[in-house]
Amino acid sequence: MIPSTDEVEEYFQSLENFLTNSLAAASPGLPNIREAVHRLWVDISRFGPPGLPSFPDIHVPGLGAFEVPPPPPPPPPPRTLVEKAGDWIIEHPWKSSSIVVTALGAGLLAGYTTFRITHANKRRVRSTTITPERRQVIVVLGGDHPLGLPLIIELEQKGYIVITSVSTPEAVSNIEGKGHGYVRALVLDPNEPGTIPIFLRSLASTLSRRFPITAAGDPYAATPYHPLLHSIISLLTLPIPSIHTAPTPIEQLSLRSTYLPHLLSTHFAPLQTLQALLPLLRADAQRTCGRKSIIVCLPAADARVGLPFCGVSAMSAAATLRALDVLRREVAVGQGMSSIRIVAVDVGVVGEPAVPNLANSQVMDDWTPSEKATYGQAFAALGETSMGQSRRPEDISVLVNNIVGVISAGTKTKMASKTICGIRVGVGYEKLRDWIRGDRFAVGAGAGTYTFASLLPGMLLDGLLSLPHILVGIRNRLLPVPPVQPPTVSIPTSTAVSVVLPSSSLTVNRTNTAPRPSPLGAAAPALEQTEPLSEPEDISEHETGSETDFESNSGDGDASTVESSWVSLESRDH
């Protein structure tokens, strides 16, 4: 039987599949046939018999579209940072050269600066060991103030000669014993104006002596290093709590026995001393270079705002502050005084916390009944609020560091020693801060608050200061049992007399009561004066006054006030 064409094709196809499967199963890793034949021919040519003639190259034709392409080559390895930097330098030669030159110049400059500062400090230390004489003198008025001793010790450690004033001879040895030979204490009692010339003579004598005061030999021996006045610091204008600074309304204030002694000690005495020292400071400023300074410390609350019932210290601080403003403008236009700087320091709560003296029941003992009825509730409200409590005080070192910065122009403060890469950035910072804050700045707890409050409009500031009284009044209205209020004064109508008599029949006897003790000891004996009244309309005014409204400040000598006098109607002879 002859097979058909389809059967023959199926047979050959099955045979082809059988051979392909058998070959693939027998040699799964068999390489390409062309490569295998070429490798076989190369081996025969190299290792065959030497007489065997060379065969021509046999080129096996490819499979065309059915040939498998070779695998792609592996990617190149990533380039390192050094190779990239090298390529960038080759592509940008000018930029790379500029960067190298700049880096070398900055390194050389920093190294030279460090070397120069190091050797300058060594030369300064060597010169200090050779000539230990000090020339710059700081005069501190009020060295026995609670803030005086830390300031004096710090100034001596910074390399200054300190001459300070104390109010008692006992404080001289106490302050000089805390120093190391460059502190001299002289007696100046601000309550005794007669001690000011004595202090000035002692100061002139001290400036002609040799320092340290503990050195052996003649203290007035000739020396080429004559001390020069460099700065004046006044702590006398910063009052401490006393009987004269007790809170009281101005209506009840005794001008002679209370305000005048405070004004003499905190205003007249410091200004009189500054008047005498200003020519010496001007002469020394013309001899040497550098800035001279006059630093006056004032209470921040009194100099900036002026709180209720604190009129004594507020009036004195305001007068001193205005005097400093005038002096600053006079120095600015004066000849040869351009290097003198007038600085006012508003001092808040610094050092030990002060005992609050507001809302003291004993303070109102001397008040008249009408004054208690008028101001008692507001006075008690002021003491109950936070205005009567002491703030958390600032450390004394902050005030001392600020004063030292003004004296040394920022070169001897704690911040001045800060350096970055050998460059003293601290001095630049101190000079910039000193330029920004100007000739008046605030230091201490609460000083910044009063400074900000002084910039508010007057109406708003008055409302804020009266806020404690308003809040306490609301509190008292809401309480089920109202608190005890100051007794009110009722003026009886029977004491009011309205008559008009001829002036010849009336005399006014002004009898002064015993004056309050004064620190100056200048209490004059009470005198009785009699003088006729010339105007009839004044008679009814004197006679209608109540005896309960006699003012408590009757100790002001012969002050001609209506309340301190009494009217006597003499009987007329008919």
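Residues numbered from 1 in each chain as written. Predicted model: local features only at pLDDT ≥ 70, side-chain atom pairs only at ≥ 80, totals over all residues. Heavy atoms only, no water.

1. A few points about a nonpolar patch on the surface
A surface patch of nonpolar side chains, amounting to about 650 Å² of accessible area, comprises L460, L464, L467, I470, L471, I474 and L478. Those elements that provide at least two residues to the nonpolar patch are α15 (458-465) and α16 (467-478). Sort the elements by how many residues they give to the nonpolar patch and α16 lands first, with five residues. With respect to the element layout, L467 can be found in helix α16. (Patch = residues over 30% accessible without salt bridge, like charges linked within 9 Å, V, L, I, M, F, W, Y side chains within 5 Å. Areas by Shrake-Rupley, 256 points an atom, 1.4 Å probe, with all protein chains shown as cover. Salt bridge = Lys/Arg side-chain N within 4 Å of Asp/Glu carboxyl O. Helix = DSSP H or I, 4+ residues; strand = E, 2+ residues; numbered from the N terminus.)

2. Thoughts on the nonpolar core
Counting residues in each nonpolar core, the largest one holds 36 residues, and the members touching the most others are V139, L203, I294 and I340. When contributions to this core are tallied by element, the ones reaching two or more residues are β1 (136-141), β2 (161-166), α7 (195-207), β4 (228-234), α8 (255-287), β5 (292-299), α10 (311-333) and β6 (340-347). Ranked by residues supplied to this core, first place goes to α8 with six residues. Among residues more than four places away in sequence, those in contact with L203 are V139, I163, L186 and L277. With 31 residues, the next largest nonpolar core counts L151, V183, V345 and I403 among its residues. (Core = buried A, V, L, I, M, F, W, Y, C linked by side-chain atoms within 4.5 Å. Buried < 20%, exposed > 50% of the residue type's maximum accessible area, 1.4 Å probe, protein only. Contact = heavy atoms within 4.5 Å.)

3. Description of helix α6 (residues 170-178)
Within the sequence span of α6, burial applies to A171, V172 and I175. Burial along α6 is one-sided: seen end-on, the buried residues are contained in an arc of 110°. Projecting away from the buried face of α6 at angles above 90 degrees are the exposed residues E170, S173 and G177. (Arc of directions from axis to C-beta.)

4. Describing the confidence of the model for the chain
The pLDDT averaged across the chain works out to 75; a share of 71% of its residues lies at or above 70. Contacts from residues 125-132, a stretch scored under 50 in pLDDT, to residues over four places away or in other chains number two contacts. (pLDDT = per-residue confidence, 0-100.)

5. Here's the deal with the pattern of salt bridges
Scanning all chains against the criterion turns up twelve salt bridges. A salt bridge links R287 to D284; the shortest N-O distance between them is 2.4 Å. Placement of the pair is R287 and D284 together in helix α8, with a separation of three residues, close to one helical turn. Residue classification places R287 among the exposed residues on the basis of a relative accessible area of 57%. Accessibility expressed as a relative area gives 3% for D284, which makes it buried. Two residues, E430 and R433, come together in a salt bridge whose shortest N-O distance is 3.1 Å.

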